[in-house]
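# Chain and residue survey
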Amino acid sequence: MTFLRRVINALEKIAPLSLAETSWDNVGLLVEPPYPHSSPSRVFLTIDLTPAVLEEVFSDPKVGMIVAYHPPIFRAWKQLTLAAVKQAMVMKCVARGISIYSPHTALDSSFGGVNDWLSKALGQGSSVPIIPARNYPVGQENAGSGRIFTFDEPIPLSVVIERVKNYLQLQHVRVATAARHSINSKELISTVGICAGSGSSVLSPIRPDLYFTGEMSHHEVLDALAHETSVILCEHSNTERGYLSTVLKPRLEKILLADEEIDRIDVIVSKVDTEPLKVV
């Protein structure tokens, strides 16, 4: 079995592509070079494929495949030129025989995926999908878009904030506090709507006590507050990046080790990939 096929098979066991929101997303194998790397032995994980990340990839001659959580090819292209940053990166990968794969919303929705990982930041409780998956594969009965988390015992908003910051290793998050959760009212948090990345389209149909996501617009936050829902915003990729090293890397390595092929495939995570927005 080829290097490419082994990695794709492993990725689809973790995040079946049938779970992706294909009405707008672009997932799966995005770049397959006609002349692939002759002796690849490493898979490279990153949230975003940027020029700096690509230089990191090229510095390791053993990398034969990039798994970019966010698809670097999203909208249709009418030409391929070096003047366009994303097109230039794709062509450089093709020239070096490196494939590109994106799991994006398939990984968000999957059981044990990014949203389930985020729910573990909150403590003791249970979660279910906001929009359950239809025609889910075997083993993905609890898959779907977003998560609604219910605490076993309600806790103050301030405690939730500290748990999120500690779990995601963040010094700061942005918080919008509904009147009922203010210092004076002190109503506790019982339910949390969770969505990695930009969560408003998934979260807006539900009215939990709290939204926990990466980003929302100014007016989306105002709408949440008008409905007495508080908001925690961590910045887009901060709600995704930790999953690569803590969950995806070890799961992918375990599957690849068990596939009974002779050649070992290692999985590495970018050290350069980072959230572009910083609080200063």
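Shown above is the structure to which this text applies.
Report on the accompanying structure. Computed from a prediction, not measured in an experiment: that's the story for all the values here. (Residues numbered from 1 in each chain as written. Predicted model: local features only at pLDDT ≥ 70, side-chain atom pairs only at ≥ 80, totals over all residues. Heavy atoms only, no water.)

## Some words on unusual backbone geometry
What counts is decided by this rule: Counting from the N terminus, the helices are the DSSP runs of H or I reaching at least four residues and the strands are the DSSP runs of E reaching at least two. For each residue, the accessible area found with a 1.4 Å probe, counting protein chains only, is set against the maximum for its type, and the residue is called buried under 20%, exposed over 50%, and partly exposed in between.
One non-glycine residue, Asn135, lies in the positive phi region at around 50 degrees. Along the chain, Asn135 falls in the loop between β6 (131-132) and β7 (144-145). Classification of Asn135 as exposed rests on a relative accessible area of 74%. Although it is not a glycine, Glu235 sits at a positive phi angle of roughly 80 degrees.

## Considering the pattern of salt bridges
Rules: Salt bridges are counted wherever a side-chain nitrogen of Lys or Arg sits within 4 Å of a carboxyl oxygen of Asp or Glu.
In this structure the tally under the stated criterion is 11 salt bridges. Glu162 is the partner of Lys165 in a salt bridge, and the nearest nitrogen-oxygen pair spans 3.5 Å. In this pair, Lys165 and Glu162 both sit in helix α6 (residues 157-168), three residues apart, roughly one turn of the helix. Classification of Glu162 as partly exposed rests on a relative accessible area of 39%. The network of salt bridges with shared partners includes Arg180, Glu187 and Asp209.

## Remarks on the pairing of strand β2 (residues 42-46)
This is how the line gets drawn: Note on pairing: DSSP must find at least two bridges between two strands before they are called paired. Note on handedness: a crossover is taken as right-handed if, strands pointing away from the viewer, the path from the first strand over the helix to the second is clockwise.
Burial within β2 is extensive, with four of its five residues counted as buried. Across five bridges, β2 lies against strand β3 (residues 63-68) in parallel orientation. Residue pairing across strands places Phe44 opposite Ile66, the latter belonging to β3. This β-α-β element, β2 to helix α2 (residues 51-58) to β3, shows right-handed connectivity. Relative to strand β13 (residues 266-269), β2 is paired through four bridges, and the arrangement is parallel. When the bridges of β13 are listed, Phe44 appears paired with Ile268.

## What to know about the side chain of Gln87
Put simply, the rule is: Throughout, a residue-residue contact means that at least one pair of heavy atoms, one from each residue, lies within 4.5 Å.
Relative to the assigned elements, Gln87 resides in helix α3 (residues 85-95). Dropping the residues within four chain positions of it, Gln87 is found in contact with Trp77, Gln79, Leu80 and Thr81.

## Overview of the sheet that holds strand β10 (residues 189-198)
Convention followed: Helix axes are fitted to C-alpha atoms over the stretch in contact, other axes to C-alpha atoms as well, and angles between N-to-C directions run from 0 to 180 degrees.
Ordered in space as β5-β8-β10-β11-β12-β9, the six strands form an open sheet in which the pairing is mixed. Of all the strands in the sheet, just β5 (125-128) and β9 (174-176) have a single pairing partner and so form its edges. On average, each strand axis in the sheet is inclined to that of its neighbour by 20 degrees, with strand direction left out of account. Strand direction decides the pairing type here: β10 and strand β11 (residues 210-215), joined by five bridges, are parallel. Bridge assignment links Ile194 to a residue of β11, and that residue is Phe212.

## Focus: the packing of α2 against α3
Just so we agree on the cut-off: Orientation categories follow fixed angle ranges, with anything under 35 degrees roughly parallel, anything over 145 roughly antiparallel, 65 to 115 roughly perpendicular, and all other angles oblique. Amino acid classes used here: Ala, Val, Leu, Ile, Met, Phe, Trp, Tyr, Cys and Pro are nonpolar; Asp, Glu, Lys and Arg are charged; the rest, including Gly, are polar.
The interhelical angle for the contact between α2 and α3, taken along N-to-C directions, is 10 degrees, at an axis separation of 11 Å. By the angle between their directions, the pair α2 and α3 is classed as roughly parallel. In this structure, α2 contributes Pro51, Leu54 and Phe58 to the contact, and α3 contributes Val85, Met89, Lys92 and Cys93. The residue makeup of the contact of α2 with α3, split by class, is six nonpolar, no polar and one charged.

## Details of the packing of aromatic side chains
For the record, the criterion: Each aromatic pair joins two rings of Phe, Tyr and Trp (for Trp, the six-membered one) with centres within 6.5 Å, and gets the label stacked for planes under 30 degrees apart, edge-to-face for over 60, and tilted for any other angle.
This structure, assessed with the given rule, holds four aromatic pairs. Between Trp117 and Tyr243, the ring centres sit 6.2 Å apart and the planes meet at 75 degrees, which makes this aromatic pair edge-to-face. Of this pair, Trp117 sits in helix α5 (residues 114-119) while Tyr243 sits in helix α9 (residues 241-257), placing them 126 residues apart in sequence. You can call Trp117 buried: its relative accessible area is 7%.

## Comments concerning the packing of helix α1 (residues 3-14) against α9
For the record, the criterion: Helix crossings get a hand from a simple test, with the near helix turned counterclockwise from the far one by less than a right angle marking a left-handed crossing and a clockwise turn marking a right-handed one.
Put simply, α1 and α9 touch, their axes get as near as 9 Å, and they point 120 degrees apart. Here α9 runs oblique to α1, going by the angle between their axes. Of the two possible hands of crossing, α1 and α9 adopt the one that is right-handed. On the side of α1, the interface is formed by Arg6, Val7, Ala10, Leu11, Lys13 and Ile14, while α9 contributes Tyr243, Leu248, Arg251, Leu252, Ile255 and Leu256. Each residue belonging to the contact of α1 with α9 can be placed in one class, and the counts come to nine nonpolar, no polar and three charged.

## A short note on the state of the cysteines
Let me state the cut-off plainly: Throughout, disulfides are identified as pairs of cysteine sulfur atoms within 2.5 Å of each other.
The full count for this structure, using the stated rule, is zero disulfides. In this model Cys195 remains outside any disulfide bridge; the closest cysteine sulfur is found in Cys234, 12 Å from its own. Residue classification places Cys234 among the buried residues on the basis of a relative accessible area of 1%.

## Details of the sheet that holds β2
The five strands lie next to each other as β1-β4-β3-β2-β13, forming an open sheet whose pairing is mixed. A strand with exactly one partner marks an edge of an open sheet, and here the two such strands are β1 (28-31) and β13. With direction set aside, neighbouring strand axes in the sheet form an average angle of 30 degrees. Here β3 pairs with strand β4 (residues 99-102) via three bridges, running parallel. By the bridge assignment, Ile66 is partnered in β4 with Ile100. Of the strands in this sheet, β2 and β13 touch α9, which is tilted by about 170 degrees from β13.

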